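The lines below spell out each chain.
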Amino acid sequence: MPRWLPRAMVLALALIAAFQLGSWAFHQLTGLLINILIAFFLALAIEPAVSRMAAGGMRRGLATFLVFLGLTVVTAGFVTLLGSMLAGQIIKMIEGFPDYLDSLINWINETFHTHLKRVDIQEGLLHSAWLRKYVQNSAAGVLDVSAQVLGGLFRLLTVALFSFYFAADGPRLRRALCSVLPPARQAEVLRAWEIAVDKTGGYLYSRGLMALVSGVAHYILLEAMGVPYAPVLGVWVGLVSQFIPTIGTYLAGALPMLIAFTVNPWYAVWVLVFVVIYQQFENYMLQPKLTAKTVDIHPAVAFGSVVAGTALLGAVGALIAIPAVATLQAFLGAYVKRYAVTDDPRVHGHRGRRGGPGVLTRVRRSWSARRPGGREQP
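Everything in this summary refers to the structure shown in the same document.

Brief notes about the overall build of the protein chain
In terms of regular secondary structure, the protein chain is built from 14 helices and 0 strands. Going from the N terminus to the C terminus, the protein chain shows its helices and strands as α-α-α-α-α-α-α-α-α-α-α-α-α-α. When burial is assessed residue by residue, the protein chain has 27% of its 378 residues classed as buried. Accessible surface, the protein chain: about 26200 Å² in total, of which carbon and sulfur atoms supply 69%.

Quick look at the packing of aromatic side chains
Throughout the structure, instances matching the rule amount to 8 aromatic pairs. Each ring, one from Phe40 and one from Phe41, has its centre 6.0 Å from the other, and the planes form 85°; the classification is edge-to-face. Seen from their ring centres, Phe274 and Tyr278 are 6.2 Å apart, and the 20° between their planes marks the pair as stacked. Note that Phe274 and Tyr278 are positioned in helix H11 (residues 265–291) at a spacing of 4 residues, about one turn of the helix. For Phe274, a relative accessible area of 24% gives the class partly exposed. Among the residues examined, Tyr278 registers a relative accessible area of 8% and is labelled buried.

A look at empty space enclosed by the protein
Picture a little ball the size of a water molecule; that probe, rolled over the atoms, points out where space is still empty. Applying the stated criterion across every chain, the model contains 1 cavity of 30 Å³ or more. Looking at the largest cavity, its volume works out to about 50 Å³. Taken together, the elements giving at least two residues each to the lining of the largest cavity come down to helix H2 (30–55), helix H6 (142–168) and helix H7 (170–178). Sort the elements by how many residues they give to the lining of the largest cavity and H2 lands first, with 4 residues. Classifying every residue of the lining of the largest cavity gives 7 nonpolar, 1 polar and 2 charged.

Thoughts on the nonpolar core
Judged by nonpolar contacts, the single largest core of 19 residues is most densely connected at Leu82, Leu222, Val227, Leu233, Trp236, Leu255 and Val271. For this core, the elements supplying multiple residues, two or more each, are helix H3 (60–112), helix H8 (183–225), helix H9 (230–243), helix H10 (248–263) and H11. With 6 residues, the top contributor of residues to this core is H9. Of all hydrophobic cores here, the second largest spans 10 residues; its members include Ala43, Val50, Ala63 and Phe166.

Observations regarding the pattern of salt bridges
All chains considered together, the criterion is met by 2 salt bridges. The salt bridge involving Arg60 is made with Glu47; its shortest N-O contact spans 3.2 Å. Of the two residues, Arg60 sits in helix H3 while Glu47 sits in helix H2, which places them 13 residues apart along the sequence. Classification of Arg60 as buried rests on a relative accessible area of 16%. Residue class for Glu47 comes out buried when judged on its relative accessible area of 7%. Residue Glu188 is joined to Arg185 by a salt bridge in which the shortest nitrogen-to-oxygen separation is 3.2 Å. One end of the pair is Glu188 and the other is Arg185, both in helix H8 and 3 residues apart, which spans about a single turn. Classification of Glu188 by relative accessible area gives partly exposed; the value is 27%. Note on Arg185: relative accessible area 48%, which makes it partly exposed.

Examining H10
With 16 residues, H10 should reach 22 Å at 1.5 Å per residue; the first-to-last C-alpha distance of 24 Å fits that figure. Of the positions making up H10, those classed as buried are Gly248, Thr249, Ala252, Gly253, Leu255, Pro256, Ile259, Ala260 and Thr262.

What to know about the side chain of His218
Following the sequence through the fold, His218 ends up in helix H8. At 2.8 Å, the side chain of His218 forms a polar contact with the backbone oxygen of Ser214. For His218, the contacting residues outside a window of four places in its chain are Val237, Phe274, Val275 and Tyr278.

Considerations on the side chain of Gln242
Among the secondary structure elements, Gln242 is positioned in helix H9. At a separation of 3.4 Å, a polar atom in the side chain of Gln242 contacts the side chain of Ser241. The residues touching Gln242, leaving out its near neighbours within four places in the chain, are Arg207, Met210, Ala211, Ser214 and Glu282.

Definitions and limits used
- Residues numbered from 1 in each chain as written.
- Predicted model: local features only at pLDDT ≥ 70, side-chain atom pairs only at ≥ 80, totals over all residues.
- Heavy atoms only, no water.
- Helix = DSSP H or I, 4+ residues; strand = E, 2+ residues; numbered from the N terminus.
- Buried < 20%, exposed > 50% of the residue type's maximum accessible area, 1.4 Å probe, protein only.
- Areas by Shrake-Rupley, 256 points an atom, 1.4 Å probe, with all protein chains shown as cover.
- Phe/Tyr/Trp six-rings, centres within 6.5 Å; stacked < 30°, edge-to-face > 60°.
- 1 Å grid on protein atoms, 1.4 Å probe; cavity = no way out; pocket = protein on both sides within 12 Å on 5 of 7 lines; lining within 4 Å.
- Points joined across faces, edges and corners; volume = space filled by probe spheres on them.
- Nonpolar A, V, L, I, M, F, W, Y, C, P; charged D, E, K, R; others polar.
- Core = buried A, V, L, I, M, F, W, Y, C linked by side-chain atoms within 4.5 Å.
- Salt bridge = Lys/Arg side-chain N within 4 Å of Asp/Glu carboxyl O.
- Expected span 1.5 Å × (residues − 1).
- Polar contact = N/O pair within 3.5 Å; in protein donor to acceptor, adjacent residues only side chain to side chain.
- Contact = heavy atoms within 4.5 Å.

The structure is reproduced here in C-alpha cells:
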C-alpha cells in the first residue's frame, strides 16, 4: 500500500464529514439566516433617515430608536384600527346572517319552485357529520395556531433586534468589513453598500408613493358608495397591494369587497371591477413613471426576479428581490463597457431591404405575368 493512500482516505473522509456537518448546520440555521437577511434590508431602508438625523448631531443609537419607535406606533395604530373594523364587521355579519339566509332561501324557492325552510337547514347543519368533524379539527388546531403566533412574534423580535444593530452600528460594521480587505476592494464594498442603500430606499419611496395613490383612489370609491371604514380600507389596500408583490392587489381587494358585500352585493362587484382596472392602470401608466428614476429595471426583469425570489426564499424573497436585483444591476453597470449603437433600421425593429425586391413585390410581378395580356412592370 502506498504511504499516501491512508492519508488520502482520512482526508477524503474528513472532507465528507465536514461537508455533511456544514450542510446540516446550514439547514438548521436557514431560518436565522433569512431573518438576518430581512433585517439587513430593513436596516438599509431606514439608513437614510438615521444618517440624516445623525448628521444633525444626534447619536445613531438614539436616531435608530426614534425611527423604530415611529414605525412601531404607526403599525400598532393601523393594526388596532383594522382589528376593530374587522371585529365590528364580523359581528354585523353574524347578526345579519339570518336575514341573508332568508333572502337566499326565498330566491331558491322562487327560482326552482322548492319549499325550503330556514329551520330545516339549520337543523341539518347542526346535526351534520361535516360540522362535527370541522369543530374537532378546529379544536385540535388551536395549539398549532398558538405555536405559530408565538413563533411569528419571536421571529419579528429577532428581525427587529438585528435590524436595530445593523442600523445603529452601521459605520462600525463597514469598518469591520473593510479592515480585512485591501484598499481597492474597500472602495468597491463601500460603493456597493451605497448603491444598496440608494436602491432600497428608492424602492420603498416609489412603493410608498404608489401606496398613497392607490389608497386615495380606493378611498374615494368606497366613500362614494357609502362603505363603512373607507379611510382604513384605503390604507389597507395601499399598503398590502404595494408591499406584497404579484398578488398583493387582489389580496388587498378581498377585504373591501367583503365589507362592501355587507352593504350591497352589487357594491362588491363594482369594487372588483375597480381593482382590476386600477391594477392595469398602475402596471402600464403609474409604476413605470415612478420607478424609472428610483429602481430603474425593466418590468420583465422585475417580474422574473420576483418569481425567482419566491422560488428561493418564499414571500421574503419576493419582497427583497427587486431592490436586490436593482442593486446588482447598478453595481455591475459600473464595470460593463458600453459602445455607441450603430444607426441601423434593424435596431428599431425595421427590416432592411437589401438584395432585391421584397416578397410581396415578387408575388405581384409573378401574378401580373401570368394574367392574359399581362405585362410585368419594370
